[in-house]
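# Topology and contacts: notes
The primary structure of each chain is shown beneath.
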Amino acid sequence: MVGPELRTRRLVLRPFAREDAAAIAAILDVPDVGRYLLHVPKPYTDDDAVRWLTSWTRRWLLGRGAAFAITRRGRLCGAITLAVSRVHKRGELGYWLGPDDWGDGLATEAAAAVLDWGFRDQGLMRIHAQYLDDNRASGRVLEKIGMLREGVRRAHIKKGKRLLDAHQYGVLRQEWEARWQDK
Ligand SMILES: CC(C)(COP(=O)(O)OP(=O)(O)OC[C@H]1O[C@@H](n2cnc3c(N)ncnc32)[C@H](O)[C@@H]1OP(=O)(O)O)[C@@H](O)C(=O)NCCC(=O)NCCS
């Protein structure tokens, strides 16, 4: 498939391939992974993964963002996406990893790289993200990459039988630049 490649200290963020579908499905079918994600049907099949990949290929070709496979030493660990709105010069970040890779700073490492790519390469003015309910690990990732908490949309997302709060985070280009200069 098509798209950019980014490298971090431990990771290669590369375009997805059609052959990744089974590995994607294996991760997203784990209940603990899908719990706080939107649009993850149960069970999650290889066909669902192919549809997801196709939608991101289309987005990339339209200049509306990219999905990266998060890989470490050649192994697929998860995904990170940036959905771009050209009109508003903003991007929305999303990510997930298989449980074996949680707790090792990988999401933060991948998210920081995609944030840099969004501002530097895509010329965005704002990048935002949300986490649902009590998914504090995701909230920490967003804080660690320099996003500010912007508020909470209460009972905003219906997941199963529950209406979940959606916690909003964002960072502006000038805030990212200031942080980058400090490094
Ligand atoms: C959310 C997710 C991506 C985090 O990945 P990760 O690689 O473990 O994240 P990191 O190690 O980079 O950072 C996690 C941080 O959250 C903290 N954390 C973990 N569990 C926590 C909890 N229950 N409460 C508070 N903080 C928690 C960690 O201590 C760490 O912070 P620290 O570095 O200050 O100690 C991963 O758990 C995941 O894929 N979950 C399922 C999918 C998902 O929810 N995606 C996000 C949708 S918004």
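Here goes a summary of the coordinates provided. The model shown is predicted, which means the values in this text are computed figures rather than measured ones. (Residues numbered from 1 in each chain as written. Predicted model: local features only at pLDDT ≥ 70, side-chain atom pairs only at ≥ 80, totals over all residues.)

The next thing to look at is the overall build of the protein chain. Scanning the protein chain from terminus to terminus reveals six helices and eight strands. Put simply, the protein chain runs from its N terminus to its C terminus through helices and strands in the order β-β-α-α-α-β-β-β-α-β-α-β-β-α. On C-alpha atoms alone, the protein chain measures out to a radius of gyration of 16 Å, which is about the 16 Å that the 2.2 N^0.38 rule sets for 183 residues. Per-residue burial for the protein chain yields a buried fraction of 28% across its 183 residues. For the protein chain, restricting intrachain contacts to residue pairs at least 6 apart in sequence, the fraction spanning at least 24 positions comes to 57%. (Helix = DSSP H or I, 4+ residues; strand = E, 2+ residues; numbered from the N terminus. Rg over C-alpha atoms; globule rule 2.2 N^0.38 Å. Buried ≥ 20, exposed ≤ 12 C-beta atoms within 10 Å, placed from the backbone. Contact = placed C-beta atoms within 7 Å.)

A few words now on the nonpolar core. Counting residues in hydrophobic clusters, the biggest one holds 45 residues, and the most contacted among them are Leu13, Phe68, Ile70, Ile80, Ala110, Ala111 and Val114. In terms of residues, this core owes the most to one element, helix α4 (residues 106-120), which gives eight residues. Residues in contact with Phe68, not counting those within four places in the same chain, are Leu6, Leu13, Arg14, Ala79, Ile80 and Val114. (Core = buried A, V, L, I, M, F, W, Y, C linked by C-beta atoms within 7 Å.)

Right, let's get into the site of the ligand. Neighbouring residues of the ligand: 20 residues in total, closest Ala107, Thr108, Arg136, Ala137 and Arg140. Of all the elements, helix α5 (residues 136-144) adds the most residues to the shell around the ligand, at five residues. Class assignment for the residues of the shell around the ligand results in 12 nonpolar, five polar and three charged. (Near = placed C-beta within 6 Å. Nonpolar A, V, L, I, M, F, W, Y, C, P; charged D, E, K, R; others polar.)

Within the fold, Gly146 resides in the loop between α5 and β7 (148-159). Distance from Gly146 to Leu172, taken between C-alpha atoms, is 9.6 Å for residues 26 residues apart in sequence. Beyond its immediate stretch of four places on either side in the chain, Gly146 contacts Val171, Glu175, Trp176 and Arg179.

So, about the pairing of strand β8 (residues 162-172). Pairing between strand β6 (residues 126-132) and β8: seven bridges, direction antiparallel. Its bridge partner lying in β8, Arg126 is registered against Leu172. One ladder, built from eight bridges, connects β7 with β8; its direction is antiparallel. Residue pairing in the sheet places Ile157 in a bridge with Leu164 of β8. Between β7 and β8, which pair antiparallel one after the other, the connecting turn spans two residues, and Gly160 there sits at a positive phi close to 60°. (Pairing = 2+ DSSP bridges.)

As a further point, take unusual backbone geometry. Trans is the common state for peptide bonds, and a negative phi is the common state for residues other than glycine. Each neighbour pair has its own omega, and for Lys42 with Pro43 the value is -5°, a cis peptide bond. Relative to the helices and strands, Pro43 is located in the loop between α2 (31-34) and α3 (46-61). Despite not being glycine, His39 has its phi angle at roughly 55°, a positive value. Mapped onto the fold, His39 is located in the loop between α2 and α3.

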